Amino acid sequence: MKVGKKIKRFFKKRPLWKPLSAIVLAILVLVTMQAVLQSVKAEMEQEAREYLMSNLLLGGAPFREEEYTGEDELITAVYRGTGGCVVETLVDGYAAPIAVWVGVRNDGHVTGVTIRDMAETYGLGRNAMFDVDFLVQFLRTEGDAAVGENVDAISGATVTSKAVTKAVNAAVGFVTGADVSSGATEWGG
Amino acid sequence: MKKQTYLLNILLAIFVGGICLTMLLFDVLAPYVVVPHLSIPLLVLMTVVPLAVENYVGAPQKREWAGTLIMGTLTLTVLPICAGQLGDVSILRLFVCSAAVFCLTTVLYTSMSKRMAGGAKAKAAPAVNALLLYLAAQFFQGIM
C-alpha cells in the first residue's frame, strides 16, 4: 500500500514521467519481441517463399535461384523450377514501387501472379492485391497483356494496373527470351 | 479546462506500440501478408486514433504543448524503429515526417475539437473528425 501511494505521489508531482514510462515500456516490449522472434524469422520467410512459388507454378517445386544477367531492370530475381520459372519483378507504381511475382511456364504461359509489396492508395490501387477478376486476366497471357486490349484496368487505378501488366510482360519476356529493357516502355500498356 | 496531463501521449504510446507489435508479429509469423508501409497516412492514422479516444475518455485537457509535441514525435519515431519497421526509410526522414505529421494533426484536431458540437447527439463527432483528417492525409499523399 505504501509503495502504491509513493508511486502515485511520484507521478502526481512529475506528470511528464507517466507518458515517458509508457514509451519506455512500449520500447522494451517491442525490443524483447523482436529479439525473441528473430530466430524464427528467416525460417518462416523461406517457408512462405516456397509456399507462394509452388502456388504460382503448380508442380514446379523444387525451385532454385538463378542469377539474372539480362537487361531488364524490372526483374530482381529468378527462381527456376520444373517446367517454368517464378520471376520477381519490381515496377514503379503510383505511390511507390510494386513487387510482383509471376509464375511462367517454359512455353511462355503465365500460370500465376501475386503482388508481394505495394504502397498504393487504399480503396484504389491497393485493390490490385485482392482483385481476383483483375489478376486472373493475366493467366495464360504470353507477354501480350495490354491494358485496354486484353486486360481491363481496375477502376481509378489505371497506373497501378499498367504497372502490374508491365511486370507480367517483363517476366514472360525473360522466359521466352524476348528479354529487352521493358523499363524503357512507358507504363507498359 | 482541467489541469495539465499527458493523456494523449500515454494513449499514443499504447496505440503506436500496439500497431508496431502487430506489424512485427505479421512480419515474422505471416510473411506472406503484405503489411502497410510506414507512410504519411499511416502516421496520421496512428495520431488521430489516440486524439479521438482522448476526446471520449478524458475531460478536455489543457495541453502542455512543448512536452506533448516532443514526446509525440519521439513516440512516432522510436517505436517503429524498435519494431524493425523502418524499411528503406532513413531515420532522419522518419523523424521529420513524424514531427510534421504529429504537430499538424494534433494542432488541427485540437482546434477542431474545441469547435465540435457536444452532447448526446454529437457522440460520433470525434470519430468523424478523425476519419476526415485521415482521408485528407490520403488525399494529400495522392496529389504528391
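An account of the accompanying structure is given in this report. (Residues numbered from 1 in each chain as written. Chains lettered and ligands numbered in written order. Predicted model: local features only at pLDDT ≥ 70, side-chain atom pairs only at ≥ 80, totals over all residues. Heavy atoms only, no water.)

## Regarding the pairing of strand S4 (residues 97-105) of chain A
Residues and elements named next belong to chain A.
So, step 1. For S4, a buried count of seven out of nine residues is recorded, marking the element as mostly surrounded by other parts of the structure.
So, step 2. Pairing between strand S3 (residues 84-92) and S4: nine bridges, direction antiparallel. The residue of S4 that forms the bridge with Thr-89 is Val-100.
So, step 3. Where S3 hands over to S4, the hairpin turn is made up of four residues, counted between the paired strands.
So, step 4. Judged from the six bridges that link them, S4 and strand S5 (residues 110-117) form a sheet pairing that is antiparallel. Counterpart to Trp-101 in the pairing with S5 is Thr-114.
So, step 5. Taking the residues that link successive antiparallel strands as the turn, the S4-S5 hairpin has four residues, and the phi of Gly-108 there is positive, at about 95°. (Buried < 20%, exposed > 50% of the residue type's maximum accessible area, 1.4 Å probe, protein only. Helix = DSSP H or I, 4+ residues; strand = E, 2+ residues; numbered from the N terminus. Pairing = 2+ DSSP bridges.)

## Details of the environment of Val-164 of chain A
So, step 1. Among the structural elements, Val-164 of chain A can be located in helix H4 (residues 158-176).
So, step 2. Considering only alpha carbons, one finds Val-164 of chain A and Asp-72 of chain A, 92 residues apart in sequence, at a separation of 15 Å.

## Observations regarding the sheet that holds S4 of chain A
Backbone-to-backbone hydrogen bonds pair the strands of a sheet. The strands run either parallel or antiparallel.
Residues and elements named next belong to chain A.
So, step 1. Ordered in space as S1-S2-S3-S4-S5, the five strands form an open sheet in which the pairing is antiparallel. Looking along the sheet, the strands with just one partner apiece sit at the ends: strand S1 (64-66) and S5. For this sheet, the mean inter-axis angle between neighbouring strands, taken without regard to orientation, is 25°. (Axes fitted to C-alpha atoms, helices over the stretch in contact; angles between N-to-C directions.)

Coordinates in, geometry out; function isn't part of it.
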